[in-house]
Amino acid sequence: MIDVLYFAWVRERIGLPKEKIETSAATVAALVEELKAREERYEAAFADLSALRVAVDQELTDFDAPLAGAREVAFFPPMTGG
Amino acid sequence: MSDQGGLRSGLRVVVQEAPFDFGAEAERFAAGRTDLGAVVTFTGVVRDVAGGLEGMEIEHYPGMTEKALTEIASEAQARWSLGEVLVIHRYGKMAAGDRIMMVATASAHRQHAFEAAEYLMDYLKSRAPFWKKESAGGDQSWVAAKDEDEAALDRW
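An account of the accompanying structure is given in this report. Quantities reported herein were computed from a predicted structural model and do not represent experimental measurements.

Summing up its helical and strand segments, chain A has three helices and five strands in all. Put simply, chain A runs from its N terminus to its C terminus through helices and strands in the order β-α-β-α-α-β-β-β. At 12 Å, chain A has a C-alpha radius of gyration in line with the 12 Å of a compact globule built from 82 residues. Dimensions of chain A, computed from the C-alpha atoms along their principal axes, are close to 30 × 30 × 20 Å. Expressed as a percentage of contacts within chain A between residues at least 6 apart in sequence, the contacts between residues at least 24 apart total 50%. Per element, the accessible surface of chain A, about 3900 Å² overall, is 50% carbon and sulfur. Distance from the positive charge centre (9 side chains) to the negative charge centre (15 side chains) of chain A: 5 Å.

So this is what it looks like as structure tokens:
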């Protein structure tokens, strides 16, 4: 089980901030493919990965990052702090 | 506290919903440090770009936000000779003119304090997990990240 978090418009498009996912995906990209296959709202949220950023265990990383041992994955648009 | 190039170095990172008192923070920052001749402060304010902004809401990633800001500030401490570093960033609902965040840097000389403050701003704009949503004319829209904010990181 892994905690999957969504922020900003990704959260709005998927319709929830956080969920637990049973997955054996080896990478973030593989997890994204599993989610997209679930329902149309995931397909819509993950349509353009270049518009998304990902953090694994609260560290920014890439979509090809491995998920082995990860507790938390978060998807969000590019950040707008400051 | 750590030892930075001979300077005693302090770091404070605050993430909060409530407004902060800029005057009091600036007054308190590096107070009593007679070895620091330069203090730089920067404040980010909610801007009404097109007119008619009804409000702004900032979402963040609790846990990662504090971690990311601390990492960015620690990197600034490693790159410049800083006596003190302060980062305060708000989340939640704000109105035009409200202070969103501030950074303060203190060093023996101004060049380090200025450069470190700019570095902190460049990084926390696009590497700290905050997202701004604006309300205007009854509509809400997420503020898009700017290419130049990403490009600004290249100079470091």
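There's plenty left to go through after this.
Interface size is commonly expressed as the accessible area that is lost once the parts come together. With 21 residues of chain A at the interface, the matching set in chain B holds 26 residues. Counting each side, the surface lost to burial between chain A and chain B is near 1900 Å², with a carbon and sulfur contribution of 55%. Of all residues in chain A, A:Met79, A:Thr80 and A:Gly82 give up the largest surface area on contact with chain B, accounting jointly for 37% of the area buried on that side. One salt bridge in this structure joins B:Lys133 and A:Glu12, with 2.3 Å as the shortest N-O distance. Among the elements of the structure, strand 1 (2–6), helix 1 (8–14), strand 4 (59–61) and strand 5 (72–76) of chain A are those that each provide at least two residues to the side of chain A that touches chain B. A per-element tally of the side of chain A that touches chain B places helix 1 of chain A first, with four residues. Residues belonging to the side of chain A that touches chain B are distributed by class as follows: twelve nonpolar, four polar and five charged.

Within a beta sheet, neighbouring strands are joined by backbone hydrogen bonds and run either parallel or antiparallel to one another. Residues and elements named next belong to chain A. Read from one edge of the open sheet, five strands run 2-1-5-3-4, paired in mixed fashion. Two strands in the sheet have a free side with no partner beyond their single neighbour: strand 2 (18–21) and strand 4. Recorded for the sheet is a direction-independent mean angle of 30° between the axes of neighbouring strands. When strand 1 meets strand 2, the two strands line up antiparallel, connected through four bridges. Paired with Val4 across the bridge in strand 2 is Glu19.

Let us look at the packing of helix 2 (residues 64–79) of chain B against helix 3 (residues 110–126) of chain B. In a pair of packed helices, the angle between the axes and the distance between the axes together describe the arrangement. Residue and element names in this part refer to chain B. With their axes 10 Å apart at the nearest point, helix 2 and helix 3 run at an angle of 150° to one another. Put simply, helix 2 runs roughly antiparallel to helix 3. Between helix 2 and helix 3 the crossing geometry is right-handed. Side by side, helix 2 and helix 3 meet where Leu69, Ile72, Ala73, Glu75, Ala76 and Arg79 of the first sit next to Tyr119, Leu120, Tyr123 and Leu124 of the second.

In this section: the packing of aromatic side chains. Counted according to the given criterion, the structure contains twelve aromatic pairs over all chains. Measuring from ring centre to ring centre gives 4.8 Å for A:Phe46 and A:Phe75, while their planes differ by 80°; the resulting arrangement is edge-to-face. Taken as a pair, A:Phe46 in the loop between helix 3 (40–45) and strand 3 (53–56) and A:Phe75 in strand 5 lie far apart in primary sequence, 29 residues in all. By relative accessible area, A:Phe46 is classed as buried at 0%. When its relative accessible area of 0% is taken as the criterion, A:Phe75 is described as buried. Ring plane angle 80° and centroid distance 5.6 Å describe the contact between B:Tyr119 and B:Trp156, whose orientation is recorded as edge-to-face. Linking B:Tyr119 in helix 3 with B:Trp156 in the segment after helix 4 (147–151), this pair joins segments that are 37 residues apart in sequence. For B:Tyr119, a relative accessible area of 3% corresponds to the buried category. Take B:Trp156: its relative accessible area is 23%, and that puts it in the partly exposed class. Feature note: the residues A:Tyr6, A:Phe46, A:Phe63 and A:Phe75 constitute an aromatic cluster, connected by ring pairs.

Turning our eyes to something else, we now look at the environment of B:Ala145. Relative to the helices and strands, B:Ala145 resides in the loop between strand 9 (139–142) and helix 4. Put simply, B:Ala145 and B:Lys125 are 20 residues apart on the chain and 8.7 Å apart in space, counted from C-alpha to C-alpha.

Reading the values: rules and limits
Residues numbered from 1 in each chain as written. Chains lettered and ligands numbered in written order. Predicted model: local features only at pLDDT ≥ 70, side-chain atom pairs only at ≥ 80, totals over all residues. Heavy atoms only, no water. Helix = DSSP H or I, 4+ residues; strand = E, 2+ residues; numbered from the N terminus. Rg over C-alpha atoms; globule rule 2.2 N^0.38 Å. Contact = heavy atoms within 4.5 Å. Areas by Shrake-Rupley, 256 points an atom, 1.4 Å probe, with all protein chains shown as cover. Lys, Arg positive; Asp, Glu negative; His and termini not counted. Charge placed at Lys NZ, Arg CZ, Asp CG, Glu CD. Buried area = accessible area lost by both parts, 1.4 Å probe. Salt bridge = Lys/Arg side-chain N within 4 Å of Asp/Glu carboxyl O. Nonpolar A, V, L, I, M, F, W, Y, C, P; charged D, E, K, R; others polar. Pairing = 2+ DSSP bridges. Axes fitted to C-alpha atoms, helices over the stretch in contact; angles between N-to-C directions. Parallel < 35°, antiparallel > 145°, perpendicular 65-115°, else oblique. Left-handed = near helix turned anticlockwise from the far one by under 90°. Phe/Tyr/Trp six-rings, centres within 6.5 Å; stacked < 30°, edge-to-face > 60°. Buried < 20%, exposed > 50% of the residue type's maximum accessible area, 1.4 Å probe, protein only.

It is worth stressing that arrangement in space is one thing and function is another; only the former is reported here.
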